[in-house]
Each structure stands twice: as structure tokens, then as C-alpha cells.
Amino acid sequence: MGSEEDKMVRVPKEMYEAINDVIKRYPYYGWKGPSEFVRDAIRRYLKEINEREIVLRKAVKKMPNKIEEMLRDFMGEEEAQILSERIFRIREDEPEEYVNKVVDILKGRIGQNLAELLARKLLEVEK
Amino acid sequence: MRVSTGLERLDDLMGGGFLEKSFNLLSGTPGAGKTLFAVNYLLYHAEKDKDVLYISLEESWKNIIGNLPEGLRKRYESCKNRVHYLDFGSIRPLLGKEILNIEILGETISTSMAVHNSKIIVLDGIAPLIPHFEATKEIRMALFELSQRIKKMGGTMVFTSERAGEMISRCGVEEYVADSVILLHYDGSSRKIQILKMRGSEFIYGHHGFKIEESGIKVFPNTLPEHRSKKIEKVEFGIKGMEKIIGKMYSGDIILLSGPPGTGKTIMAYHFAEKALKNGDKVLFVSFKEGKEQILKRARELGFKIEGIKIMHRNLFEIDPYEFMWEIYENTKDVKRVIFEGIGHMELSEDVKKVEYTLLRNLKMRGITTLITHTTSDIISSYRLGTPGITYLADNIIDLRYSEIGAELRKVLVVIKSRGLEYEKGIIEYDIGKRGIRIIGKPESLEGVISGTPRHLEMKKRVEKFFKG
């Protein structure tokens, strides 16, 4: 049973019916009803997001070195160093924002399209 | 305005080089030297303090630099701060085929051009782009878009493509987009370069010699610079009595000495060389038979003093005709006489025939007197003379041959062609003595000398008299 602190969330009728179907079809999961199913789903999803964020933050930390390494072969050591030094100076924890800032630095040298492709691919590979 | 190709002689053939702000195709078979040509183009401009840009879609820049001939690598080291590159091959493993999008490529190249203020650009190897297009018209469109972007940025780009079979380029569309088309030919032993297209200007047609050297690339055009000698001088051969036989000779004349081995052609050439040295003139002696030491030793033994001549020894079967032609041109800038010694009877390719004609005509115009010794294959009774090209151009043709006189194989010469009208029409006997050639005179009591088996005129008269009764 819920407590008074609990909050209500709405789900569309079709989703509610789909939840009921799953509960009936797979009783061995032990969900007592739709509310427990939703609580379980949210718990799992929050955990996944946290884990993803941890991975992204790790990827972000590796990014300056990865970019330097990549650009060294692509356009030479000197230019790679100039760009990676600027990337090293980015102070941003949010991965999405970080990538945007990296793209801003790179686009002046290699163009917007390649900068985006490169930064996003590097993040994706780490994931 | 023109932008140098990095090869002065090629610029001359193209009316000064590439058009400024142009898209230029360099196509050739594998190993023809496309990348070296492209790198040479960049280095030439980098050495002139211009920032240049190299774009590779396949082979890494590091590999290219590592594989350069030592001289070119040194040139790169001296100006590498001016050489920028975009090595798309290095990021392809991470970014996959998305990177070979013409929009990304064009944007990246133009951004880099702007950053470095580079107007000299090379896109080396467009082959990796091709699988991303379904139809050739799409490739043509993509290349057109790229060319417009580069030109708008003020760039003069060279892009390379591999030839497939008889096609000019890999896809057969690159040449339509390009402002100029240069083909590199390589058959495993010799290289040729050919200008196929030059938008809006004249160029010199045909194959030209092309050589990769330690320090770069050399082009040997199929034409030579034309400058006419204003002064025409009388020339003496150097053999006592020879002028009376040949008639008047002038600077710029081509003299062909043709005959079987042992008839004294080389010794006549020594006379010809020694005479020039005595006059204070310089001589180039080009031998297709013997090396410098052998030539000088033999001449010394016969009492000739020709140490002052410039000697070039070349193997007829190994020389590149265009390179040879330019070598002769460069080496005859200050000489008055040239001797080509030891040309034998051989099948000549079209390139060799063209070179033969161009070179001899050039020497003639420059007032350089040329002596050619040509060895015929028949010992006795040969009526074949030198190669058609030479005989056509020669002002004086002297045929040397053996004749059986008095149970001896004696030597005779006959002037087949002379520049003037006053020359000896008769057959002249000569000998080779301790001091070279000695003219003996006409064997007047004989006829049929030229056939190699002469008859005494006295005997003929007696026979005729006998039959007439």
C-alpha cells in the first residue's frame, strides 16, 4: 500500500492495459499489480540512467586524449595539440553540453559536420 | 593567371601551368607516379612560402612521406611547416563510411583552406568515394559540387584518379568536371606524361618523357626550345682533301657517315673532333659503343689529341628517348660540333623517330654541326643507308664501303648527297694509316667499285673489242 507521501502519475489507458497483460502473462515476476510494476520499471530505468551517466562522464574524461590521438593522425601533431589543449580546458560535467563545446572548438578547424560526427562517435564508442 | 604545376617544363607545355582557381585531374595506372607528382606540386609551392594542403582518403600521410625518395623527403623537411594535411583514411575506422560524404568532405576541406589560407590543394585518390554513389552521374555531380566549392575558395586543386583499362579515369566522368587532364603512362619500364585537356588554352600535344628522381620529378617535353643561330660559318672536316670531296660545309650541317664495321667511321669522327678543338670550339662526343676511357685511349694511340672533348656514353637500348634528347640539348649549349657515334640498324619506335627528327632539326637551327656515324650490317655491296629520319635530314651523306681490288679488301667512299653542287661525284679510295684517314684518290681504271667487286676498264675494253671483231 502507498503512503500519504506518495505521488500519483498518469499513464495512458492503452499502457495501463498493456501492463496488466504483462503481469498476467508472466506471474513468476511477482508483480502484485500495475502500481508495483510501474515502481519496479521506474527503479530499473533510473538505475540505467545513472549508470549511463557514469559511463558518459568517464567517456567525457577520456575525450580530450582520444581527440588528440585521432587528430594527430588526421591533421598533424601541432594542430591536434592546439585543439586538445582547448578541449582540456572545458569545464562541463553534463555530457551533452560537453560534446557541444567540443564541437564548437573543432568546427573552426574541421567544419561543423565532421566535428559533430567525430565528437558523437567518440562518445558512442565509449558507451 | 597561372599556377605552376611544380614542373617548369610541364608549365611551358601547358601555357604557364594550371589555371588559377581550377580543378585538375591527374590520372594514371598504378605506379605511374600520381602521388609523387601531387606531392611535388605541393612542395614546389610550400618552398615558395605558400601554405599547401594535402587530402588523402586512403593512404596515410605518414606512409606517403615515409615512401618518398630521399631528396623529396629532404625537400619536405625543409618546408613542412607550410604543408598541412587531412588524412581521412586515419579516421575512417572510427567514423565509417559516413566520412566519405561529399558534403562533409567539402566542408572540411574548405574550412582547412580558410584556416591555413591554402590555395594549393591536392586530393589524392578519389576511389574510396565511388562506392557511395549509385550512378556515375551522381559522382559527376558530387565532383562538380566539390570543384565549385574549392574554386570559390580560390583553390587550385589537383585530384588523382586511377585509370581503368582504356578509360581516362576510374569512373569515366572525372575528366568532364576537370579544367585540365594530365595522364601518366607507365609500362613497367618507362614513363610518359600527356596533357589531354586544358580548358581555355593551347597546350603541346603528344607524349612527353617523365622521370622520377631522388629530388622530384623531371619532365622531358617532346619539343625543344627553338632559337636560331644568326651566324653561319664554313666548316672543315679535318681530313686532308675531304673538303674537295664533300663540297662546302657550313655550321648546322648534318653529316652522315654510313658504312660497315672497320671502314674508319670512328677515326673520321676523331678527325672531325680534333679539327674543332684546334679551332678552339667545343665538341660533344656521344658514343653508343665505347666508354670515355676507351675512346680517348684509341684516339691517343692513333695520335689524335681530343682530350678536351665532352664525352657521353649511352646504351641505345636503355635510354629514354625524350630524356636523351634533353640531355643532348643541355650538353650542347656551348658546343659547335656534336658527334653521334655507333648508331646501328635497329627498329625505331615512333617516339624515337620523333626525337631523332626534333633533335637533329634543333641542332641544325642552333648552328651546331652534327656528324653521325652509322654502322651498316652488310660488309660488301650494301645500298642501304642510315635510318630514314637521318638520311632525310642529312645535308651530306658519305657512304663508306669495302671493295675487292687486286686481291685486297680496300676502302672507298662516295658522296651520296651534298649540300652544294660542287662535290666529288666519283668514287674515292682511302686508307687508314698511323695518323688516321688518308685520301688516296679515284680508282679510275676500275668500274663497279661500289658493287664491291670491280672490273678493270682495260679488260672490259679488250673484251668488247674481241666481240666486235
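Bear in mind the structure is a predicted one, so any value in this text is a computation, not a measurement.

**What about the interface of chain B and chain A?**
Taken residue by residue, the interface counts 16 residues in chain B and 15 residues in chain A. At the level of elements, β5 (83–87), α5 (88–95) and α6 (102–116) of chain B are the ones that each hand at least two residues to the side of chain B that touches chain A. Ranked by residue count, the leading element in the side of chain B that touches chain A is α6(B), at six residues. Residue composition of the side of chain B that touches chain A, by class: seven nonpolar, five polar and four charged.

**Notes on the pairing of strand β14 (residues 310–313) of chain B**
Look at any regular strand and the pattern is simple: side chains alternate between the two faces of the sheet. With four bridges joining them, strand β13 (residues 283–287) of chain B and β14(B) adopt parallel strand pairing. Residue pairing across strands places B:V286 opposite B:M312, the latter belonging to β14(B).

**Quick notes on the packing of helix α2 (residues 34–75) of chain A against helix α3 (residues 77–88) of chain A**
Residues and elements named next belong to chain A. Two numbers describe how α2 lies on α3: the axes approach to 8 Å, and their chain directions differ by 160 degrees. One way to sum up the angle between α2 and α3 is to call them roughly antiparallel. For the pair α2 and α3, the sense of crossing is right-handed. Every residue of α3 that contacts α2 at M63, P64, I67, E68, L71, R72 and M75 is listed here: E77, E79, A80, Q81, L83, S84, I87 and F88. Residues belonging to the contact of α2 with α3 are distributed by class as follows: nine nonpolar, two polar and four charged.

**Details of the sheet that holds β14(B)**
All names here are of chain B. Read across the sheet, nine strands follow the order β14-β13-β15-β16-β12-β17-β18-β19-β20 without closing on themselves; strand pairing throughout is mixed. Two strands lie at the open edges of the sheet, namely β14 and β20 (436–441), each paired on one side alone. Across this sheet, the average inter-strand angle for adjacent strands is 25 degrees, counted without regard to direction. Judged from the nine bridges that link them, strand β17 (residues 396–405) and strand β18 (residues 408–417) form a sheet pairing that is antiparallel. Looking at β18, one finds that L400 is bridged to L413.

**Describing the nonpolar core**
One broad rule of soluble globular proteins: the nonpolar side chains tend to lie buried together. Core analysis: the largest hydrophobic core is formed by 139 residues, its most contacted members being B:L42, B:I55, B:I121, B:V122, B:A273, B:F285 and B:I339. Here this core takes eight residues from helix α2 (residues 34–46) of chain B, the largest share from any one element.

**Quick look at α2(B)**
Residues and elements named next belong to chain B. The terminal C-alpha atoms of α2 lie 18 Å apart, and with 13 residues this matches the ideal 18 Å at 1.5 Å per residue to within 8%. For α2, a buried count of 12 out of 13 residues is recorded, marking the element as mostly surrounded by other parts of the structure. Within α2, burial applies to K34, T35, F37, A38, V39, N40, Y41, L42, L43, Y44, H45 and A46.

**Observations regarding the sheet that holds strand β6 (residues 120–124) of chain B**
Backbone hydrogen bonds hold the strands of a sheet together, and the pairing may be parallel or antiparallel. Residues and elements named next belong to chain B. The sheet built from nine strands is open, its strands ordered β5-β4-β6-β7-β3-β8-β9-β10-β11 with mixed pairing. Edge positions in the open sheet fall to β5 and β11 (216–220), since each of these has one partner strand only. Recorded for the sheet is a direction-independent mean angle of 25 degrees between the axes of neighbouring strands. In this structure, strand β9 (residues 191–198) lies alongside strand β10 (residues 207–213), joined through three bridges in antiparallel fashion. Within β10, the residue paired with Q194 across the bridge is H207. Across the sheet, α2 lies against β3 (23–28), β4 (52–56), β5, β6, β7 (156–162), β8 (180–186), β10 and β11, angled at about 165 degrees from β6, the strand it touches most. Contacting β4 and β5, α5 crosses the sheet at an angle of about 25 degrees to β5.

Quick notes on the rules
- Note on numbering: residues in each chain are counted from 1, in written sequence order.
- Here chains are named by letter from A upward and ligands by number from 1 upward, in the order in which they appear as written.
- Given that this is a predicted model, residues contribute local features only at a pLDDT of at least 70 and side-chain atom pairs are listed and counted only at 80 or more, while totals for whole chains, interfaces and linings are drawn from all residues.
- By the convention adopted here, residues are in contact when the distance between their C-beta atoms, placed from the backbone, does not exceed 7 Å.
- Helical segments are the DSSP runs of H or I of at least four residues, strand segments are the runs of E of at least two, and each set is numbered from the N terminus.
- Ten residues, namely Ala, Val, Leu, Ile, Met, Phe, Trp, Tyr, Cys and Pro, are considered nonpolar, four, namely Asp, Glu, Lys and Arg, are considered charged, and the remaining ones, Gly among them, are considered polar.
- Between any two strands, at least two bridges found by DSSP are needed for them to pair.
- The axes are straight lines fitted to the C-alpha atoms, using for helices just the contacting stretch, and the angles between their N-to-C directions are given from 0 to 180°.
- Angles below 35 degrees are treated as roughly parallel, those above 145 as roughly antiparallel, those between 65 and 115 as roughly perpendicular, and all remaining angles as oblique.
- Crossings are assigned a handedness: left-handed for a near helix turned anticlockwise from the far helix by less than a right angle, right-handed for a clockwise turn.
- Connectivity within a nonpolar core runs through C-beta atoms within 7 Å, and the core itself is a set of buried Ala, Val, Leu, Ile, Met, Phe, Trp, Tyr and Cys residues.
- Residues are called buried when their C-beta atom has 20 or more other C-beta atoms within 10 Å, exposed when it has 12 or fewer, and partly exposed otherwise; all C-beta atoms are positioned from the backbone.
- One less than the number of residues in a helix, times 1.5 Å, gives the span that helix is expected to have.

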